[in-house]
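Here is how the chains run, residue by residue.
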Amino acid sequence: MGKSPTGSTASGEESAVVADLVAAELDEQDRLDARRLPWLIRMYGVLVLLDGLVTLPIVVLASIAAVRAIMRGELTFHAASLTAILTGLQALVLIANAAALIVFGVLLLCNRRRYAARWAYVLMPVTLAEGMLSLALDGLGANLVAPGVRMAILVAVSIACDPGLAEERRLQRALKRMDDRDAYDTAVKEGMLGRDPSGKGYIALDFFNIFWLFTVACVFGLAIETVYHFAMYHGELQDRAGLLWGPFSPIYGCGAVLVTVALNRLWKSNPFLIFCASAVIGGAFEYATSWFMEVAFGITAWDYTGQWLSIDGRTSGKYMVFWGLIGVVWVHWILPRLLALINRIPWKVRYSLTAVCAVLMLVDIVFTLMALDCWYGRMAGLPQDSPITQWFATHFGDGYMANRFQTMSIDPSKAGRV
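Residues numbered from 1 in each chain as written. Predicted model: local features only at pLDDT ≥ 70, side-chain atom pairs only at ≥ 80, totals over all residues. Heavy atoms only, no water.

**Quick look at helix α3 (residues 82–109)**
No. 1: The end-to-end C-alpha separation of α3 is 40 Å, in line with the 40 Å expected for 28 residues at 1.5 Å each.
No. 2: Just beyond α3, the residue with positive phi is N111, at close to 65°. (Helix = DSSP H or I, 4+ residues; strand = E, 2+ residues; numbered from the N terminus. Expected span 1.5 Å × (residues − 1).)

Spelled out as structure tokens, the structure:
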């Protein structure tokens with residue numbers, strides 16, 4: 001049977017309404033993209049551009065000079081040494097960071113809001129890698145100030161530039177002005193905050209979503225690991241936290257963020273594909289974390305030697321399977337519900353609460369790194385004569401650290417410090 005004229009008319013009207021809504025959304029995105037960035041951010045763009053233009057040739061020329069000196073025999077170089085490897089990686093990261101800063105600065109000056117936000121998100125892991133390598137080579141000190149400040153500025157700039165977040169704030173203000181409860185509920189259902197506005201992925205990869213994914217995964221990952229150890233080792237209750245304060249295990253938070261970023265566009269894909277990708281991502285991340293803890297602080301956080309498909313004792317086939325299963329559950333079941341939970345944060349405190357919690361988490365992470373660095377210094381026999389090292393020795397001494405981080409053992413000879 002053919003459709004009735006009335007049905008065709010209704011369908012046509014519905015299509016026209018949808019087309020109008022799509023056109024209005026595109027117009028709004030274009031308007032947000034075209035809005036001029038604040039002068040302070042454009043000034044920062046100038047500084048970033050100059051930083052990249054100055055740093056890039058210096059690092060490249062210094063690297064070339066070092067290679068030539070090694071070839072002439074003027075500089076002793078042990079290619080297999082851990083310190084040499086870390087130094088080479090640091091040079092590569094500095095070159096990549098300088099090149100990215102040039103692009104980022106040009107985008108800010110040209111008012112390319114959307115692309116600038118994307119490059120800010122690219123620069124964040126590069127800056128993090130720069131800081132971690134500096135920590136591994138030189139320990140915790142003034143060498144980390146520049147990467148830390150740059151990371152804070154990148155977060156602030158990404159929030160200001162990202163048109164998705166700007167649109168979210170606009171929707172928030174619009175919903176606040178709505179008096180009709182039905183209109184409010186309808187608006188929330190049609191455009192739930194935090195969803196990927198392009199429709200290609202499930203969740204918008206912005207600072208707010210990523211922070212709460214990280215925090216929740218830190219807590220639930222620690223809970224799962226604690227219960228698993230309790231069940232497998234005859235009721236032994238072990239403190240498996242990864243930070244000085246609070247029930248947080250950053251390896252699960254970082255793993256959740258990596259899986260989300262990598263598989264965001266595959267959330268409707270075959271579970272087997274998600275399982276394989278999560279297993280590889282989780283195993284690689286676990287290996288990298290174990291390696292960094294060892295070269296930075298001489299710490300062995302876990303050892304899977306002798307297990308099925310063990311890779312240097314840093315990861316194994318057993319735990320890669322666990323990462324794969326967790327990835328499937330995370331992408332298909334937890335992520336949608338977690339996004340709905342994030343959206344239950346009251347409108348009036350959404351940004352302020354996130355900012356306060358982010359600062360508290362940052363303080364916890366920084367103090368943990370400082371405590372680990374001082375622990376390494378004491379075990380390595382380094383002088384503990386500064387007020388900071390003495391304070392940590394008093395409040396977070398060897399006994400405290402061993403009890404708080406019960407899965408860790410420390411051997412300074414394994415570190416790659418200069």
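So that's the structure; there's more coming.
**Side note on the packing of aromatic side chains**
No. 1: In total, this model carries 19 aromatic pairs according to the counting rule given.
No. 2: Relative to F396, the ring of W245 lies with its centre 6.0 Å away and its plane at 70°, an arrangement referred to as edge-to-face. Linking W245 in the loop between α8 (207–232) and α9 (250–263) with F396 in the loop between α13 (387–395) and α14 (398–404), this pair joins segments that are 151 residues apart in sequence.
No. 3: A relative accessible area of 6% places F396 in the buried class.
No. 4: With 5.8 Å between their ring centres and 35° between their planes, F392 and F396 make a pair best called tilted. (Phe/Tyr/Trp six-rings, centres within 6.5 Å; stacked < 30°, edge-to-face > 60°. Buried < 20%, exposed > 50% of the residue type's maximum accessible area, 1.4 Å probe, protein only.)

**Some points on the nonpolar core**
The nonpolar side chains of a soluble globular protein tend to be buried with one another.
No. 1: Counting 47 residues, the largest nonpolar core has F104, L108 and W330 as the members making the most contacts within it.
No. 2: Ignoring sequence-local partners within four residues, the contact set of F104 consists of Y44, V48, A116, W119, A120, L123, L154 and V157.
No. 3: In this structure, I251, F292, A371 and C374 belong to the second largest nonpolar core, which totals 33 residues. (Core = buried A, V, L, I, M, F, W, Y, C linked by side-chain atoms within 4.5 Å. Contact = heavy atoms within 4.5 Å.)

**Points about the pattern of salt bridges**
No. 1: Evaluation of the coordinates by the stated rule reveals five salt bridges.
No. 2: Here R314 ties to E294 by a salt bridge, and the two come within 3.2 Å at their closest N and O atoms. Linking R314 in the loop between β1 (299–300) and α11 (317–342) with E294 in helix α10 (residues 271–297), this pair joins segments that are 20 residues apart in sequence.
No. 3: E294 sits in the buried class, given a relative accessible area of 18%. (Salt bridge = Lys/Arg side-chain N within 4 Å of Asp/Glu carboxyl O.)

**Digging into the packing of α9 against α10**
No. 1: Close contact between α9 and α10 brings their axes to 10 Å; oriented N to C, the two are set at 140°. Between α9 and α10, the angle is such that the two are oblique. In this structure, α9 meets α10 at a crossing whose hand is right-handed. Contacts from I251, C254, G255, L258, V259, A262 and L263 of α9 reach α10 at I274, A277, S278, I281, F285, E286 and T289.
No. 2: In terms of residue class, the contact of α9 with α10 is built from ten nonpolar, three polar and one charged. (Axes fitted to C-alpha atoms, helices over the stretch in contact; angles between N-to-C directions. Parallel < 35°, antiparallel > 145°, perpendicular 65-115°, else oblique. Left-handed = near helix turned anticlockwise from the far one by under 90°. Nonpolar A, V, L, I, M, F, W, Y, C, P; charged D, E, K, R; others polar.)

**Let's talk about a nonpolar patch on the surface**
No. 1: A contiguous nonpolar surface patch, about 320 Å² in accessible area, is contributed by V46, L50, L53 and L109.
No. 2: Mapped onto the fold, V46 is located in helix α2 (residues 39–71).
No. 3: A relative accessible area of 32% means that V46 is categorised as partly exposed. (Patch = residues over 30% accessible without salt bridge, like charges linked within 9 Å, V, L, I, M, F, W, Y side chains within 5 Å. Areas by Shrake-Rupley, 256 points an atom, 1.4 Å probe, with all protein chains shown as cover.)

**Concerning the side chain of S249**
No. 1: Looking at where S249 falls in the secondary structure, it is placed in the loop between α8 and α9.
No. 2: Its relative accessible area of 5% is what places S249 among the buried residues.
No. 3: Apart from the residues within four sequence positions on either side, S249 is in contact with C218, L222, E225, R240 and G242.

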